[in-house]
Amino acid sequence: MILALAGGVGGAKLAHGLVRILSPDGLVIAVNTGDDFEHLGLHISPDLDSVMYKLAGLNDTERGWGLADESWHFMEALARLEGETWFNLGDRDLATHVERTRRLAAGETLSHITAALCGALGIEHRIVPMTDSAVHTMVTTEAGTIPFQDYFVRLRCEPVVTGFSFAGAESARPTPAFTAALKSADLSAIVICPSNPYVSIDPILSLADVAAALEGRRVPLVAVSPIIGGGAIKGPAAKMMAELGLQPSAASIASHYGRRLDGLVIDQTDGALAPKIEAMGIPTHVAQTIMKSADDERTLAQEVLTFAASLNVRSK
Ligand code: GDP
């Protein structure tokens, strides 16, 4: 069994590749909920939805987020009422948030709701939230400490970043299905998908029980770099690195995860960085990591699994 840790769109692509190789019993995808937030009275889980829509084949590939075949009448009507319009909610997407919010209000856990929504959309593989508790990613910037969606959407990632924190992570427990996967005797590798390390993966790693389980693991932990040729494919990861005083590169991804990793997959564009990363004590595999098609996703997923299987159970 493989455990994949994922954020939104970048993570969803590799998760989709893994789904095409592994059986529903052979994969658990644990997803960041640090950027969940309450908006217009609705509980919105952007990363869970990105992974869910992608695995259901319902995602919009051109816009890069949300549902395909979307319409925007709700937003138009809200604007006419001079309501809050900084966060776009498509008409079809709205149904997900309304149904999730209704079930949460009725006392269901986010885990249970996620399983139900995925089941209704025909997804057989397990997508599990990292936690059922509230964890909020906060972005520390030169303009003050800002909740993630305010920074990301309302302020379009403009404030200069100085750090991150995850409010509520101290007391939050991983979800039962995530905990079971971490402890499973069938677990053979853990894969960190190519997601933003600061705001998609670190919230997951910030849960004490997750950090402890990873520290004590007996299976390889491999990551795929989301930074290719010194930039991100999408989103603020490279900008964040530069503002934190780091050179945006796959080598900085290696030092960010550091000795927690048993291996890192980097893009062929960055092949020249492999010796430097290997010198940090992290075995490195060079591959074509830009996923533009379902075949790219599957090929990369297979390479990641083969690479992980080639690594010795860690001896650190
Ligand atoms: P978000 O929460 O929707 O922004 O998504 P993630 O955090 O999961 O993904 C954002 C990261 O994914 C960015 O740093 C991108 O560079 C990276 N990414 C997106 N597509 C790809 C891809 O095809 N290959 C690789 N290696 N990284 C990707």
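Bear in mind that the values here come from a model prediction, so they are computed numbers and not experimental data.

Colleague: If you had to explain the overall build of the protein chain to someone new, which residues and values would you point to?
Modeller: Across its full length, the protein chain holds 13 helices and 14 strands. Once the C-alpha set of the protein chain is aligned to its principal axes, its extents read approximately 60 × 45 × 40 Å. A total of 316 residues make up the protein chain; the buried ones form 53% of that total. Contacts in the protein chain between residues at least 24 apart in sequence constitute 69% of all its contacts with a sequence separation of at least 6. Taking the average place of the 25 positive charges on the side chains of the protein chain and the average place of its 36 negative ones, the gap between the two points comes to 5 Å.

Colleague: I'd like to hear about helix α8 (residues 197-205), residue by residue, with values.
Modeller: Of all nine residues in α8, nine are buried; the element is thus mostly enclosed. Among the residues of α8, P197, Y198, V199, S200, I201, D202, P203, I204 and L205 are the ones counted as buried. Near the N-terminus of α8, the side chain that reaches the backbone nitrogen of Y198, with its oxygen 2.9 Å away, is that of N196.

Colleague: Account for the site of the ligand, naming residues and giving values.
Modeller: Taken together, 21 residues lie near the ligand, and S195, S200, P226, I233 and T289 sit nearest. At 2.8 Å, a backbone N or O of N196 approaches an oxygen atom of the ligand. Separating a nitrogen atom of the ligand from a backbone N or O atom of T289 is a distance of 2.7 Å. The protein chains hide 94% of the 600 Å² of surface that the ligand would expose on its own. Taking a 2 Å distance to the grid points as the criterion, the majority of the atoms of the ligand fall inside the largest pocket. The element that contributes the greatest number of residues to the shell around the ligand is helix α1 (residues 9-19), accounting for four residues. Taken together, the residues of the shell around the ligand sort by class into nine nonpolar, nine polar and three charged.

Colleague: Outline the packing of aromatic side chains, listing residues and values.
Modeller: A complete count under the given rule lists seven aromatic pairs for this structure. Relative to F87, the ring of W86 has its centre 5.9 Å away and its plane inclined at 80 degrees; by these criteria the two rings are edge-to-face. When the ring centre of W65 is taken as origin, the NZ or CZ atom of R63, which lies over that ring, is 5.0 Å away.

Colleague: Can you lay out the pairing of strand β2 (residues 27-31) for me, pointing to particular residues and giving the numbers?
Modeller: Most of β2 is tucked away: five of the five residues are buried. Here β2 shows two buried faces, one formed by L27, I29 and V31 and the other by V28 and A30. Bridge count for strand β1 (residues 2-6) against β2 is five bridges, and the pairing is parallel. Note on β2: the bridge partner recorded for L5 is A30.

Colleague: Explain the nonpolar core residue by residue, including any values.
Modeller: Judged by nonpolar contacts, the single largest core of 50 residues is most densely connected at L3, L5, F178 and L264. If near-sequence neighbours (up to four positions away) are discounted, L5 is found in contact with A30, F178, I190, V191, I192, C193, I201, I204 and L205. Core analysis: the second largest hydrophobic core is formed by 39 residues, A4, A12, A15 and L67 among them.

Colleague: With reference to specific residues and values, describe the pairing of β1.
Modeller: In terms of burial, β1 is largely enclosed, as five of its five residues are buried. Both faces of β1 are covered, namely the face carrying I2, A4 and A6 and the face carrying L3 and L5. After leaving β1, the chain enters α1 and then returns to the sheet as β2, a path that is right-handed. Both β1 and strand β9 (residues 189-192) contribute to a ladder of four bridges, which runs parallel. Pairing of L3 across the sheet is with I190, part of β9.

Colleague: Account for the environment of L187, naming residues and giving values.
Modeller: Topologically, L187 is positioned in the loop between α7 (176-183) and β9. Accessibility expressed as a relative area gives 9% for L187, which makes it buried. Expressed as a C-alpha distance, the spacing of L187 and L27, which sit 160 residues apart in the sequence, is 9.1 Å. In contact with L187, not counting residues within four places along its chain, are M1, I2, L3, A181, L182 and V219.

Colleague: Just give me the short version of the sheet that holds strand β5 (residues 126-129), but keep the residues and values in it.
Modeller: Spatially, β5-β2-β1-β9-β10-β13-β14 is the arrangement adopted by the seven strands of the open sheet, whose pairing is parallel. Two strands bound the open sheet, and with one partner strand each, they are β5 and β14 (284-287). Adjacent strand axes in the sheet meet at a mean angle of 20 degrees when their direction is disregarded.

Conventions and cut-offs
Residues numbered from 1 in each chain as written. Predicted model: local features only at pLDDT ≥ 70, side-chain atom pairs only at ≥ 80, totals over all residues. Heavy atoms only, no water. Helix = DSSP H or I, 4+ residues; strand = E, 2+ residues; numbered from the N terminus. Buried < 20%, exposed > 50% of the residue type's maximum accessible area, 1.4 Å probe, protein only. Contact = heavy atoms within 4.5 Å. Lys, Arg positive; Asp, Glu negative; His and termini not counted. Charge placed at Lys NZ, Arg CZ, Asp CG, Glu CD. Polar contact = N/O pair within 3.5 Å; in protein donor to acceptor, adjacent residues only side chain to side chain. Near = heavy atom within 4 Å. Areas by Shrake-Rupley, 256 points an atom, 1.4 Å probe, with all protein chains shown as cover. 1 Å grid on protein atoms, 1.4 Å probe; cavity = no way out; pocket = protein on both sides within 12 Å on 5 of 7 lines; lining within 4 Å. Sits in = over half its atoms within 2 Å of the grid points. Nonpolar A, V, L, I, M, F, W, Y, C, P; charged D, E, K, R; others polar. Phe/Tyr/Trp six-rings, centres within 6.5 Å; stacked < 30°, edge-to-face > 60°. Lys NZ or Arg CZ within 6 Å of the ring centre and 35° of its normal. Pairing = 2+ DSSP bridges. Core = buried A, V, L, I, M, F, W, Y, C linked by side-chain atoms within 4.5 Å. Right-handed = clockwise from strand over helix to strand, strands pointing away. Axes fitted to C-alpha atoms, helices over the stretch in contact; angles between N-to-C directions.

Just geometry here; none of it tells us what the structure is for.
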